[in-house]
Amino acid sequence: MSMKLPHPPLGEEEPSPPPQRRPRGFASGPAPSAGAAGPPRRRSVREREREKERTKLRERHRRAITSRMLAGLRQHGNFPLPARADMNDVLAALARAAGWTVHPDGTTFRSSNQPPLPPPPPQLGMFQVASGETPAFINTLNSYTIGTPLDSQASALQTDDSLSPSSLDSVVAERSIKTENFGNSSSVNSLNCMDNNQQLLRSSAMLAGDYTKTPYIPVYASLPMGIINSHCQLVDPEGVHTELRHLKSLNVDGVVVYCWWGIVEAWIPRKYEWSGYRDLFGIIKEFKLKVQVVLSFHGSGETGSSDVLISLPKWIMEIAKENQDIFFTDREGRRNTECLSWGIDKERVLRGRTGIEVYFDFMRSFHMEFRNLSEEGLISAIEIGLGASGELRYPSFPERMGWKYPGIGEFQCYDRYMQNNLRQSALSRGHLFWARGPDNAGYYNSRPHETGFFCDGGDYDSYYGRFFLNWYSGILIDHVDQVLSLAALAFDGAEIVVKIPSIYWWYRTASHAAELTAGFYNPTNRDGYSPVLKMLKKHSVILKLVCYGEEFTVQENDEAFVDPEGLTWQLMNAAWDHGLPLCIESALPCLDGDMYSQILDTAKPRNDPDRHHASFFAYRQQPPFLLQRDACYPELRTFVKCMHG
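Taking an unreviewed UniProt entry as the reference, the protein is identified by name as Beta-amylase belonging to Panicum miliaceum.

Rendered as structure tokens:
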């Protein structure tokens, strides 16, 4: 065991120690005093925790810088980097841009010298393929070479094994700056001057080359929400014809139509008006497109996510004037009028009907009205809205209540009916003092570490916390079971779809606070989605997942321990384990090839021995879609072709 010796007295010579590298970024600080002496002080638990937090901050900062540099290389340098590019991909692309040749096994040499390709060694070197997604882009990178002079680029590529990840990031930044500012004008300027059509064709070729002979996945495009007005009338039939004609030219398989409870049963209970939807389905039938119907039992526009305001039925709002407990309620007593509380699923407070009976009557009316279209195959699937925004979740982060990303949200269990249910559950456990919501769970815009309930080692993992979260998530699962049981009776064998939210912020923390308030008991020590998916498997439904593009995650990467890919991977694996079919929906309009590639990777996972793939893809467009036609037409058409395989 080596011991730290004190400094020798003045006048004696001591061999100078080897120079040590100073840490970079957040780790940098003043150098230790040369005259410091004495035994090393034992670090306290608090200091170790602070150091861990500083390490997390450094890593998040480094990843954010890397993501921005990769985005800059794609956008300004025309580098076709994969959606999940690692440092090997970046160095290989830069080497090819400098005129070097890089083989898939990592062999690198100047293009002027063309040695034969050696057999791959057992252990690959610095340029090894590190991810499962990288090999599919190798052919693209090999065929993409920029003739930049070697002497102007070689210095940026001289690295050694002692460089840290942050040092490699610096090399990438230096290389990108040199390419942009001092590169060969004949190569770089020619790329910058390349017109949009050539870029789209290149991206289209990349997509088409990667997804040939893959399973056929139908593609559906969502129609605008305001296509039917509040009186259930089709607003612009000619505009619908134009829209469908364009979508038909893209070879999409069908469209997604939202049927709003607040429009169809707006004024009088059990009086349903379907005329506008009947006209719309007739036009869609002319174009021989299929229809996926979304039965929306929630309001829209109140969260600021849409310009179209659609409330719950007027007769529901009349009942709420006398009994506001029919709505979800937060700890301060504020009511959320976006959807009905699950506490009234079995309470006859809606003019003699329960919440479940109201949903069933609406579903049965739809089936009776459009049974012939289902039998003809025009209606291919029906999505059932099960909560806020049509997703299976509590309305735990409403913008109308002041919530802003990345707040953890609040529990929505303080209406009279939910509180009665909580009291009964606590009594059955013999702990009446548990019949309450957490009083230290923060507010809508709190962070997990700011609360006593969600912080590391917080009350969420105590005996009371586990009881409350089991009850809270159990209400969600019970709601799913009841609604889907009646949906099976109403639609008699039709394909049923249920949408699961993608609550990806705070996913890389211990408590997963935002998921807990939304009803998914999914901390790091528990799989909170399996009980939900087990219930969905019982009713043989299709699970719909939301896919976020890379540019959407980059700008939020350093905000709140986000991990949309990790959450999607957990849900996909859990669904496959339970034998559930999956479908994908885009969270944002697709505007570039990177997002198309990421969606394709999610819908058709590569190197999957079981050959899992999505059942269909729902494309969320930005109305009016025709404004994007000239810019997005070539890429979108190729994307549809890749989905079709």
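Novice: Honestly, the pattern of salt bridges in this entry has me stumped. Any pointers?
Specialist: Any two side chains of opposite charge can pair if their charged atoms end up close together. All chains considered together, the criterion is met by 21 salt bridges. Of the charged contacts, one joins R278 and E369 as a salt bridge, the two residues approaching to 2.6 Å between their closest N and O atoms. Remark: E369 occurs in helix α11 (residues 355-369) and R278 occurs in helix α9 (residues 275-286); sequence separation between them is 91 residues. When its relative accessible area of 41% is taken as the criterion, R278 is described as partly exposed. Residue classification places E369 among the partly exposed residues on the basis of a relative accessible area of 31%. Here K544 and E585 are joined by a salt bridge, their closest N and O atoms 3.5 Å apart. Residue K544 is located in strand β10 (residues 542-547), and its partner E585 is located in strand β11 (residues 582-586); the two are separated by 41 residues in the primary sequence. Take K544: its relative accessible area is 1%, and that puts it in the buried class.

Novice: What is the right way to read the environment of V546 from this model?
Specialist: Mapped onto the secondary structure, V546 falls in strand β10. By relative accessible area, V546 is classed as buried at 7%. Remark: the alpha-carbon pair of V546 and T568, spanning 22 residues in sequence, is separated by 8.0 Å.

Novice: Honestly, the UniProt feature "active site" (unreviewed entry) in the protein in this entry has me stumped. Any pointers?
Specialist: Here the UniProt-annotated "active site" (unreviewed entry) positions come out as E391 and E585. Spanning 195 residues, the named residues nonetheless gather at one spot, since no C-alpha pair among them exceeds 12.2 Å. Position of E391 among the secondary structure elements: in the loop between β8 (379-384) and α13 (416-429). Since its relative accessible area comes to 13%, E391 is described here as buried. Apart from residues no more than four positions distant in its own chain, E391 is found in contact with L386, K499, P501 and V546. The residues contacting E585, other than those within four sequence positions of it, are Y258, K499, K544, L545, V546, C547, F617, A618 and R620. A polar side-chain atom of E585 sits 2.7 Å from a polar atom in the side chain of K499.

Novice: Whenever I open this one, the nonpolar core confuses me. Can you help?
Specialist: One broad trend across soluble globular proteins is that nonpolar side chains are buried collectively. Residues Y277, F281, I284, L295, F366 and L536 are the most contacted members of the largest nonpolar core, which totals 142 residues. In terms of residue count, the dominant contributor to this core is helix α14 (residues 463-491) (15 residues). Beyond its immediate chain neighbours, meaning those up to four positions away, L295 contacts C259, F362, M363, F366, I382, E383, I384, G385 and F491. L70, F79, V90 and A93 belong to the second largest nonpolar core, which has eleven residues in total.

Novice: Got a minute to help me understand helix α7 (residues 237-249) in this structure?
Specialist: Side chains that are three or four residues apart share a direction in an α-helix, a result of its 3.6 residues per turn. Its 13 residues place the ends of α7 18 Å apart at the C-alpha level, agreeing with the 18 Å of an ideal helix rising 1.5 Å per residue. Regarding α7, the residues found buried are V240, H241, E243, L244, H246 and L247. N251 sits one or two residues past α7 and shows a positive phi near 70 degrees.

Novice: I tried to follow unusual backbone geometry on my own but got confused; where do I start?
Specialist: It is generally the case that most residues other than glycine have a negative phi and that most peptide bonds are trans. Cis geometry marks the peptide bond from Y405 to P406, where omega comes out at 10 degrees. Tracing the backbone through its elements, the reader meets P406 in the loop between β8 and α13. One non-glycine residue with positive phi stands out, namely F561, at about 50 degrees. Take F561: it is sitting in the loop between α17 (550-554) and α18 (564-577).

Novice: In this structure, what is going on with the packing of aromatic side chains? I would like to understand it.
Specialist: Describing an aromatic ring pair means giving the distance of the ring centres and the angle of the ring planes. Summed over all chains, the structure comprises 41 aromatic pairs. Ring geometry for Y220 versus F616: centroids 5.7 Å apart, planes at 70 degrees, classification edge-to-face. Note that Y220 is positioned in strand β3 (residues 219-222) and F616 in the loop between α19 (593-603) and β12 (617-619), a separation of 396 residues in sequence. For the pair Y220 and F616, one class covers both residues: buried. A centroid spacing of 5.7 Å and a plane angle of 75 degrees characterise the contact between Y405 and W505, whose relative ring orientation is edge-to-face. Here Y405, found in the loop between β8 and α13, pairs with W505, found in the loop between β9 (496-499) and α15 (513-518); they are 100 residues apart in sequence, far enough to count as distant. Take W505: its relative accessible area is 6%, and that puts it in the buried class.

Novice: Can you walk me through the confidence of the model for the protein in this structure?
Specialist: Do not read the fine detail of predicted coordinates wherever pLDDT is low. Summarising the model, the protein shows a mean pLDDT of 77, and 70% of its residues fall at 70 or more. Taken as a whole, residues 18-40 scores under 50 in pLDDT and shows 18 contacts with residues more than four places along the chain or in a different chain.

Criteria and thresholds
- Residues numbered from 1 in each chain as written.
- Predicted model: local features only at pLDDT ≥ 70, side-chain atom pairs only at ≥ 80, totals over all residues.
- Heavy atoms only, no water.
- Salt bridge = Lys/Arg side-chain N within 4 Å of Asp/Glu carboxyl O.
- Helix = DSSP H or I, 4+ residues; strand = E, 2+ residues; numbered from the N terminus.
- Buried < 20%, exposed > 50% of the residue type's maximum accessible area, 1.4 Å probe, protein only.
- UniProt positions renumbered as here; feature names shortened; annotations may be inferred.
- Contact = heavy atoms within 4.5 Å.
- Polar contact = N/O pair within 3.5 Å; in protein donor to acceptor, adjacent residues only side chain to side chain.
- Core = buried A, V, L, I, M, F, W, Y, C linked by side-chain atoms within 4.5 Å.
- Expected span 1.5 Å × (residues − 1).
- Phe/Tyr/Trp six-rings, centres within 6.5 Å; stacked < 30°, edge-to-face > 60°.
- pLDDT = per-residue confidence, 0-100.

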